[in-house]
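An overview of the molecular structure
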Amino acid sequence: MTYEYLKTLKKYNQTLKLLNSDNFAMMVGFFYFVFIEKKYITIKHSVIADMLDDYLYDINQTYENSYPKSAKEYLDDFVGDKSGYLKKYHTNEDEAVYELTPYTQKALEFLESLEKREFVGSRSKFNVVFELLEELMFETNLSDKERIDLLQKQKKDIDTQIENIKNTKDIRFDNSRIKEHFMLINEQARKLKYDFSQIEYNFRDLNLEAMQKIASTHEGKDSVLSSIFDIEDSIRESDQGKSFFAFWQILTDGKKNEQFSDMLEKLYEIETIKEFDKNQTLKTLKYDLLSNATKITKVSSKLIEQLRRFLDDRVWVENKKIFDFCKSIEKSAIDIKSNPPTAKKITTLPDTKVKINSVFEKSLYKIKEEKLFTNEIKEDNLEIDLSGFYNIFFVDEEKLKSNINYFLQIQPQVSLFEVIEKFPITKGVAELISYISIAKNSTDTIINMDEKIKFTITDKSNNTKVVSLPKIIFIKGKS
């Protein structure tokens, strides 16, 4: 960190600009209230404007009109090029939404770290460092024999611990160690949520690169498709991409998800933690992580949307060229009609051996023969099979939604596989497609294209089929 670097950093870095701003207390207090205390990830313009208006009113009542501008003017300042404390953009809805930038996230993280703690849990932090070093050495430096010896020793230690528990010699955590562990969990969870903002912006940069390449390219479809797929692969194969998508796979794993929910529920059954964290800040941790991670996966999936738009634009341009070419032929035909050529030989096609199918070679229109039908029905030997009408069945989507809600009433999310295990499919592929339709039309659904789940379904005729689908997870809505 040289003198020149730090001087430039202070001048241009948006995190330091926020900390050095004249309106520092007002802005940081408001950002903390909205995005940390109220736990908004994105927030609509009308909602944040009302909240800021109330917030400014309370401050001006106490500090004699310190902030005279309107809430909208301050919001414009927050998202301006000179500040960049909030990001403003439009989604599928008409109303703009706001979210924190990574620079503001870093400022909040730094300020939270300055808060005076009841005590610092050095022991727990060192244990984490030690365990990470131990795991790293185990997976890199040790030979196979050394790894087996170490595992055998761990096995003996576990057996000893089991015996101590049986003989009531095992000592559980005291209040100090319980608080240490909780503080460390809370700190890591908070940092993880802040990291998501930076990961999302890094993915946005890669996405922007793809969009610029699409906009500026004059190459064929195959070259552009290849480059876009290369960019998508680079996102997934980068160290950050591998780490994030591995985390996403763990988070959406049914068993680990259920275990995670169970542990968070039981966390506040511990009396020490219940007293230590009365606001239960980690109660909604899984939902917060899921919401943040879902937002990142949507950024990544925008590549496909850009690809679709590119192909649509290319097809439109090519169709327009064909249309213009046809119009030029029509114009030439009209010009020739008024001044036809006198030469008998209009055109020649040397050495092409092209077979020309002229319209005059086609047969003329033939009048169809009229068929006369009598309106009498002979009842002799008349057999009409109506069994097909009785085999028609109806898939009730409301019943399928009720199957999904059966789980969401008692747990925050459920996979399609779990729903089908509880309520087996009886109407074949049509019923499975109805589940997929419900997932596609719902905003509280996650579809993991990287993980495939196989279903065995049986229809009315007892025909069995095996279907492979992406992993579909239904999430309980905010309301």
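Please read all numbers here as calculations on a predicted model, not as lab measurements. Residue positions are given per chain, counting from 1 as you read along its sequence in written order. Only residues with pLDDT of at least 70 get local features here, since the model is predicted, and only at 80 or more are side-chain atom pairs given and counted; chain-wide, interface and lining totals rely on the full set of residues. The side-chain figures draw on all heavy atoms in the structure; neither hydrogens nor water molecules are used.

1. Things to note about the nonpolar core
- The nonpolar core is taken to be a set of buried Ala, Val, Leu, Ile, Met, Phe, Trp, Tyr and Cys residues, with the residues joined through side-chain atoms within 4.5 Å. A simple rule labels every residue: compare its accessible area, found with a 1.4 Å probe on the protein chains alone, to the largest value its type can have, and call it buried under 20%, exposed over 50%, or partly exposed in between. Formed by 26 residues in total, the largest nonpolar core has its most connected members in Phe-31, Phe-78 and Leu-86.
- For the purposes of this entry, the term helix denotes a DSSP run of H or I that reaches at least four residues, the term strand denotes a run of E that reaches at least two, and both are numbered from the N terminus. At the level of elements, α3 (24-37), α4 (45-62), α5 (71-79), β3 (96-100) and α6 (102-113) are the ones that each hand at least two residues to this core.
- Of all the elements, α3 adds the most residues to this core, at seven residues.
- Once residues lying within four places of it in the same chain are set aside, the contact partners of Leu-86 are Phe-31, Phe-35, Ile-48, Leu-75, Phe-78, Val-79, Tyr-98, Glu-99, Leu-100 and Thr-101.
- Formed by 22 residues, the second largest nonpolar core is a distinct cluster that contains Ala-189, Leu-251, Leu-285 and Ile-473. Contacts are residue-level and defined by heavy atoms, with any inter-residue pair within 4.5 Å sufficient.

2. So, the pattern of salt bridges
- Here a salt bridge means any side-chain nitrogen of Lys or Arg lying within 4 Å of a carboxyl oxygen belonging to Asp or Glu. Applying the stated rule across the entire model yields 10 salt bridges.
- Across the pair Lys-145 and Asp-149 runs a salt bridge whose closest N-O atoms are separated by 3.1 Å. Residue Lys-145 and its partner Asp-149 are both found in helix α8 (residues 144-166); the two are separated by four residues, about one turn of the helix.
- We classify Asp-149 as partly exposed; its relative accessible area is 41%.
- Two residues, Asp-262 and Lys-266, come together in a salt bridge whose shortest N-O distance is 3.3 Å. With Asp-262 and Lys-266 both in helix α12 (residues 254-267) and four residues apart, the pair spans about one turn of that helix.
- Judged by its relative accessible area of 37%, Asp-262 falls in the partly exposed class.

3. Structural notes on the sheet that holds strand β2 (residues 86-90)
- Whether two strands pair comes down to DSSP finding at least two bridges between them. Spatially, three strands are ordered β1-β3-β2 in an open sheet, and the strand pairing comes out antiparallel. Among the strands making up the open sheet, the edge pair consists of β1 (43-44) and β2.
- Orientation is described by axes fitted as lines to C-alpha atoms, over the contacting stretch for helices, and by angles from 0 to 180 degrees between their N-to-C directions. Seen against the sheet, α3 touches β1, β2 and β3 and runs at an angle of roughly 100 degrees to β3.

4. Examining α5
- Those residues of α5 not exposed but buried are Ala-71, Tyr-74, Leu-75 and Phe-78. Seen from one end, α5 has its buried residues packed into an arc of 105 degrees, which puts them on one side.
- Turning to α5, the residues buried within the fold contact α3, α4, β2 and β3. The reported arc concerns the directions from the helix axis to the C-beta atoms and nothing else.

5. A few points about the side chain of Asn-60
- The residue Asn-60 is located in helix α4 in this model.
- By relative accessible area, which is 16% here, Asn-60 ends up buried.
- Under the rule applied, a polar contact is a pair of N or O atoms within 3.5 Å (in protein, one hydrogen donor and one hydrogen acceptor; residues adjacent in sequence only if both atoms are side-chain atoms). From its side chain, Asn-60 meets the backbone nitrogen of Ser-66 in a polar contact 3.0 Å long.
- Each residue touching Asn-60, except ones within four places of it in the same chain, is listed here: Asn-65, Ser-66 and Tyr-67.

6. Details of the packing of α3 against α6
- Where α3 contacts α6, the axes come no closer than 11 Å and their chain directions differ by 95 degrees. Considering the angle they form, α3 stands roughly perpendicular to α6. Of the residues in α6, those touching α3 at Phe-24, Val-28, Phe-31, Tyr-32 and Ile-36 are Thr-104, Leu-108, Leu-111 and Glu-112.
- Among the residues forming the contact of α3 with α6, the class breakdown is seven nonpolar, one polar and one charged. Each angle receives one of four descriptions, namely roughly parallel if under 35 degrees, roughly antiparallel if over 145, roughly perpendicular if within 65 to 115, and oblique otherwise. Amino acid classes used here: Ala, Val, Leu, Ile, Met, Phe, Trp, Tyr, Cys and Pro are nonpolar; Asp, Glu, Lys and Arg are charged; the rest, including Gly, are polar.

7. Considerations on the pairing of β3
- In terms of burial, β3 is a largely internal element, five of the five residues being buried.
- Residues Ala-96, Tyr-98 and Leu-100 line one face of β3 and the alternating positions Val-97 and Glu-99 line the opposite face, and both faces are buried.
- Note that β1 and β3 share two bridges and pair antiparallel. Residue pairing for β3: Lys-44 is matched across the bridge by Val-97.
- Here five bridges tie β2 to β3, and the two strands are oriented antiparallel to one another. Within β3, the position partnered with Tyr-89 by the bridge is Val-97.

8. Here's the deal with the sheet that holds strand β5 (residues 445-458)
- What the three strands build is an open sheet, ordered β4-β6-β5; its pairing is antiparallel. The sheet terminates laterally at β4 (413-415) and β5, the two strands that pair on one side only. This sheet shows a mean twist of 25 degrees between the axes of neighbouring strands, independent of strand direction.
- Of the strands in this sheet, β5 and β6 (464-475) are in contact with helix α18 (residues 429-440), which crosses β6 at around 20 degrees.

9. Some words on the pairing of β6
- Summarising the sheet, β4 and β6 pair through three bridges and their orientation is antiparallel. Counted as the bridge partner of Ser-415 is Ile-473 from β6.
- Pairing of β5 with β6, which is carried by 11 bridges, proceeds in the antiparallel orientation. Directly across from Phe-455, in β6, lies its bridge partner Val-467.

10. Points about a nonpolar patch on the surface
- Like-charged residues are merged into a patch within 9 Å and nonpolar side chains (Val, Leu, Ile, Met, Phe, Trp, Tyr) within 5 Å, provided each residue has over 30% relative accessible area and no salt bridge. Throughout, the Shrake-Rupley method with a 1.4 Å probe supplies accessible areas, and for residues the shown protein chains are the sole cover considered. Residues Met-1, Tyr-5 and Leu-6 make up a contiguous nonpolar surface patch of roughly 380 Å² in combined accessible area.
- Looking at the secondary structure, you find Leu-6 in helix α1 (residues 3-12).

11. With respect to the packing of aromatic side chains
- Ring geometry is summarised as follows: Phe, Tyr and Trp rings, the Trp one being its six-membered ring, pair when their centres sit within 6.5 Å, and such pairs are stacked at plane angles under 30 degrees, edge-to-face over 60 and tilted between the two. All chains considered together, the criterion is met by seven aromatic pairs.
- Judged by centre distance (5.5 Å) and plane angle (85 degrees), the rings of Tyr-406 and Phe-423 are edge-to-face. Residue Tyr-406 is found in helix α16 (residues 397-408), and its partner Phe-423 is found in the loop between α17 (416-422) and α18; the two are separated by 17 residues along the sequence.
- Classification of Tyr-406 as partly exposed rests on a relative accessible area of 39%.
- These aromatic residues form a ring-pair network of at least three members: Phe-30, Phe-31, Tyr-55 and Phe-78.
- Here Lys-69 stacks its cationic end above the ring of Tyr-74, 5.1 Å away from the centre of that ring. In this scheme, Lys NZ or Arg CZ marks a charge over a ring once it lies within 6 Å of the ring centre and within 35 degrees of the ring normal.

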